[in-house]
Amino acid sequence: MNENPVELIVRGVCVLDGMVLLCRNRKAGNVYLPGGHLEPGEGLAQAWFFVNL
């Protein structure tokens, strides 16, 4: 088993009325686009759909 597996993520840009949706990790101080990890066998479009439910 690989000790350092590659993790694939999907991110997307959501714009509404000129505003961009961002996520913020208050503890770490990071700001990033919404998204998440891909599950095995999951495609990019499917992953992005579930992020935005």
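Preceding this paragraph is the structure being described.
Note that the structure is predicted; figures quoted are calculated from it, not measured.

Cut-offs used in this document
All residue numbers here refer to positions counted from 1 along the written sequence of the relevant chain. Residues qualify for local features only when their pLDDT is at least 70, as the model is predicted, and side-chain atom pairs are given and counted only at 80 or more; totals for whole chains, interfaces and linings, by contrast, use all residues. With hydrogens and water excluded, all non-hydrogen atoms of the structure serve as input to the side-chain values. Secondary structure elements follow DSSP: runs of H or I no shorter than four residues count as helices, runs of E no shorter than two count as strands, and numbering proceeds from the N terminus. Burial classes follow relative accessibility: with a 1.4 Å probe on protein chains only, a residue under 20% of its type's maximum area counts as buried, one over 50% as exposed, and anything between as partly exposed. The charge count treats Lys and Arg as positive and Asp and Glu as negative. His and the chain ends do not count. Should a side-chain nitrogen of Lys or Arg be within 4 Å of a carboxyl oxygen of Asp or Glu, the pair is scored as a salt bridge. Under this definition, polar contacts are N or O atom pairs within 3.5 Å; protein pairs additionally need one hydrogen-donor-capable and one acceptor-capable atom, and for neighbouring residues in sequence, both atoms have to be side-chain atoms. Contacts are assigned to residue pairs with any non-hydrogen atoms lying within 4.5 Å of each other.

### Details of the side chain of Glu 42
- Counting through the fold element by element, Glu 42 comes out in the loop between strand S6 (35-37) and helix H1 (44-51).
- Put simply, Glu 42 is tucked away with no salt bridge, and the nearest opposite charge, on Arg 11, sits 12 Å away.
- A distance of 2.8 Å separates a polar atom in the side chain of Glu 42 from the backbone nitrogen of Glu 39.

### Brief notes about the environment of Ala 47
- Mapped onto the fold, Ala 47 is located in helix H1.
- For the pair Ala 47 and Arg 11, spaced 36 residues apart in sequence, the C-alpha to C-alpha distance is 9.2 Å.
- Residues in contact with Ala 47, not counting those within four places in the same chain, are Val 10, Leu 38 and Glu 42.

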